[in-house]
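Spelled out, the chains give:
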Amino acid sequence: MLPHRLLISPEFNVALFTFLLHYPWEFLQVPFYEQMPYLGHWEAIIFCTRATFGDVLISLGAFWAAALIFRNRNWIRSPNGAVLVVFIAVGLAVTVVLEWHATTVAERWQYSDAMPTLPLLGTGLSPVLQWIILPLLTVWLARRQILGQEKLAG
């Protein structure tokens with residue numbers, strides 16, 4: 001069983017729920033990337049797993065940026081609109097830059113014709129929605145987990 005301190009740690013919960021939410025999202029995006037449907041089974045799993053660990057790092061960075069700006073590492077226990085905007089904006093900004101770099105500069109992957117892209121930026125709609133929807137769910141789940149564990153420890 002995990003120690004109580006770990007279960008109420010905001011970073012642990014952000015990492016845990018980011019992983020659990022982003023992992024299936026990465027697989028659901030497969031048709032929107034040109035090369036992904038043609039990868040071998042294990043190659044696709046490794047690719048999506050690496051991407052998910054990258055999502056965890058982005059999410060933790062966004063969490064710490066919000067904690068630094070609002071001088072409160074425990075903001076997730078009682079989030080407000082401003083801290084959520086920072087959390088989402090940092091993750092979204094990093095994602096847009098990484099997607100641009102991967103598709104334009106490094107040419108690591110390309111969007112398929114099925115991927116709608118944002119005008120001017122050229123970023124795929126799926127990664128943008130990912131970094132708007134999933135961070136909100138991450139905060140909601142992490143908050144419930146932390147507060148529930150605190151009640152249990154009572």
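In this report, we go over the structure that sits alongside the text. (Residues numbered from 1 in each chain as written. Predicted model: local features only at pLDDT ≥ 70, side-chain atom pairs only at ≥ 80, totals over all residues. Heavy atoms only, no water.)

## Brief notes about the pattern of salt bridges
- According to the stated counting rule, one finds 1 salt bridge in the structure shown.
- When the shortest N-O distance is used, the salt bridge between arginine 73 and glutamate 11 registers 2.8 Å. With a gap of 62 residues between them, arginine 73 in the loop between α3 (41–69) and α4 (81–105) and glutamate 11 in helix α2 (residues 10–28) connect regions that are remote in the sequence.
- Judged by relative accessible area, which is 41%, arginine 73 ranks as partly exposed. (Salt bridge = Lys/Arg side-chain N within 4 Å of Asp/Glu carboxyl O. Helix = DSSP H or I, 4+ residues; strand = E, 2+ residues; numbered from the N terminus. Buried < 20%, exposed > 50% of the residue type's maximum accessible area, 1.4 Å probe, protein only.)

## A few points about the packing of aromatic side chains
- Scanning all chains against the criterion turns up 8 aromatic pairs.
- Between tyrosine 23 and phenylalanine 27 the ring centres are 5.1 Å apart and the planes differ by 90 degrees, which places this aromatic pair in the edge-to-face class. One end of the pair, tyrosine 23, and the other, phenylalanine 27, are both in helix α2, 4 residues apart, so they sit about a helical turn from each other.
- The exposure class assigned to phenylalanine 27 is partly exposed, which follows from its relative accessible area of 30%.
- Consider the rings of tyrosine 33 and tryptophan 109, whose centres lie 6.2 Å apart with planes at 85 degrees: the pair is edge-to-face. Separated by 76 residues along the polypeptide, tyrosine 33 in the loop between α2 and α3 and tryptophan 109 in the loop between α4 and α5 (125–153) bring together distant segments of the chain. Summarising the burial analysis for this pair, tyrosine 33 and tryptophan 109 share the class buried.
- What links up through ring pairs into an aromatic cluster is the set Phe19, Tyr23, Phe27 and Phe53. (Phe/Tyr/Trp six-rings, centres within 6.5 Å; stacked < 30°, edge-to-face > 60°.)

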